Amino acid sequence: MKVQLKKGLTIGDGGHIVVQTMCNTHTSDVDATVAQCRELAAAGAELVRITVPSLKDVPCIAEIHDRLEKEGVNVPLVADIHFSADTAIEVAKVVEKVRINPGNFHPDHAQAKARFAELIAVCREHRTAIRIGLNHGSLGKYITDLYGNTPLAMAKAAMEWLRLCIDNDFYNVVVSLKSSNTLTMVEAYRILYGMMQEAGVIFPLHVGVTEAGNGDSGRIKSCVGISSLLSQGIGDTVRVSLTEDPVMELPVAKYLSERYGDGLPSSIVSCEVRDRVAYALYDSPSRERLLMDMSCDFGRMLLDREIDDVKISGTYAGADGQPVDISAGGFGDYLEDELLQAARRRFYKPEYIACPGCGRTMYNLQDAFEKVKARTSHLQGMVIAVMGCIVNGPGEMADADWGYVGEGNGKVSIYKKNVPVLRHIPEDEAVDRLLELIGEDAR
Ligand code: SF4
């Protein structure tokens, strides 16, 4: 199937992989959001998502949409909706696409299905596309009671909503099944793809590793998960979620789009596999390109247990253009550790889950994440989440041992395995409280 957006963008044409990202400005700050959309479109975003937390934000996104059009910025907008069917239905009259998790439209499953059918009717009338976006950790109780919080549950839930679209003869639909866990995410998409093949209707897939964190780890984790699917022909549009300025996501997303759409070659020179260890030689044009090539060359093989380890050597071009030896200063060892951790084969440090932030973010998420990382780096193997808002954060940090969640008004909540254990902690004390709790728990 192809999805045709009102502004002429096609998703699922079997060739080009569409690059998208999301604003992290407050939607009510129309000037800032217009400026960020303009910047993101200029940097290569083909689709920009904007959160719409409630009905009162619908006029704001309508104004953003109008102003961008008047400026000649033709990027389609996706409204990101959680919980409020009324908001989804209203905003569908304005934007090119609405992203929803229909499972959280209503606590009663039958009511959620009825509201979803209403949304389909409005989208049909206004030629608006829908993304059914289910994340590991935010599945409805109805589905987790049946299948647990598993990749199968994610795929079953998506398939149920897709069947409702088929029954309503509505095919302007993209679907995503994200998780911060690369194994979970890859398995969920593969199961869903098989189910869609069986059903005889393959809806376009939006692929991403959610809450991937930042820096090298976020890039490597994203490339491992996304490339594992794209290399098998699964995926039509990508978002690389980084806890950074969203413009920083675009070079990575564009690389993935080019590599698996246009056939951009890896900078690998040679590779030999002996005793399930891949020995790879690179001559890479940059440090970032090396990270991405390596993650795509070996991520799927590690996830699928075709190999157990990777040894990397060769050179990359430094900032001055001169070749840098990959093994210098232990950089090669560091890359191998990062790659093995992203593929969940060996944990050499804590596993961080951090959302990218959006218009719902309640504090300085990027600073908070850096502070938490700096103080917890010794906790090898522990899963620590840093999330931007109290509405979605707790639900989405599915695998975390500990969660650090912005409440707003300078306050933070701390969660242990999805249960709040401390609330309303002033931000400047919150990392200390988190470490005390982790210490007490260990004793
Ligand atoms: S968890 Fe983060 S990305 Fe998700 S809605 Fe909240 S602030 Fe936005």
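See the structure printed just above.
Residues numbered from 1 in each chain as written. Predicted model: local features only at pLDDT ≥ 70, side-chain atom pairs only at ≥ 80, totals over all residues.

**What to know about the overall build of the protein chain**
Just so we agree on the cut-off: Per the convention used, a helix needs a DSSP run of H or I reaching at least four residues, while a strand needs a run of E reaching at least two, with both numbered from the N terminus. Only C-alpha atoms enter the radius of gyration; for comparison, a globular chain is expected to reach 2.2 Å times N to the power 0.38, where N is the number of residues. It is the C-beta atoms, placed from the backbone, that decide contacts: two residues are in contact if theirs lie within 7 Å.
When its secondary structure is counted, the protein chain shows 14 helices and 19 strands. Taken against the 2.2 N^0.38 rule, which gives 22 Å for 443 residues, the C-alpha radius of gyration of the protein chain at 21 Å falls within 12% of a compact globule. Seen through its principal axes, the protein chain has C-alpha atoms that stretch 60 × 50 × 45 Å. Partitioning the contacts of the protein chain with sequence separation of at least 6, the portion at a separation of at least 24 is 66%.

**Focus on the sheet that holds strand β15 (residues 351-354)**
Let me state the cut-off plainly: Each pair of strands is called paired provided DSSP finds at least two bridges between the two strands. Orientation is described by axes fitted as lines to C-alpha atoms, over the contacting stretch for helices, and by angles from 0 to 180 degrees between their N-to-C directions.
An order of β15-β16-β17-β18-β19 is seen for the 5 strands of this open sheet, with the pairing classed as mixed. The open sheet has two edge strands with one neighbour each: β15 and β19 (419-426). Direction aside, neighbouring strands of the sheet carry axes that sit 20° apart on average. Against the sheet, helix α12 (residues 365-376) touches β15, β16 (383-387) and β17 (402-408), its axis set at about 160° to β16. Across the face of the sheet, helix α14 (residues 427-442) comes into contact with β17, β18 (411-416) and β19 while running at roughly 145° to β19.

**Points about the sheet that holds strand β8 (residues 173-178)**
Spatial ordering of the open sheet is given by β8-β7-β6-β5-β4-β3-β10-β9, a layout of 8 strands whose pairing is parallel. Strands at the two margins of the open sheet, each flanked by one partner only, are β8 and β9 (206-207). Here β9 runs beside strand β10 (residues 237-238); their pairing, made up of 2 bridges, is parallel. Following the sheet pairing, V207 is matched in β10 by V238. Packing of helix α6 (residues 151-167) onto the sheet brings it into contact with β7 (129-135) and β8, and relative to β8 it is tilted by some 170°.

**Some words on unusual backbone geometry**
Rule in force here: Neighbour counting defines burial: a residue surrounded by 20 or more other C-beta atoms within 10 Å of its own C-beta is buried, one with 12 or fewer is exposed, and intermediate counts give partly exposed, using backbone-placed C-beta atoms.
Notably, R344 is not glycine yet its phi reads approximately 60°, a positive angle. Look at R344 and you get partly exposed, because 16 C-beta atoms sit within 10 Å. Of note, N409 is a non-glycine position whose phi angle comes to about 55°, a positive value.

**Focus: the site of the ligand**
Rules: We call a residue near a molecule or strand when the C-beta position, derived from backbone atoms, sits within 6 Å of it. Amino acid classes used here: Ala, Val, Leu, Ile, Met, Phe, Trp, Tyr, Cys and Pro are nonpolar; Asp, Glu, Lys and Arg are charged; the rest, including Gly, are polar.
With respect to spatial proximity, the complete set of residues near the ligand consists of C355, P356, G357, C358, R360, T361, M387, G388, C389, N392, G393 and E396. Residue classes in the shell around the ligand are distributed as 5 nonpolar, 5 polar and 2 charged.

By themselves, these observations are geometric and do not establish any function.
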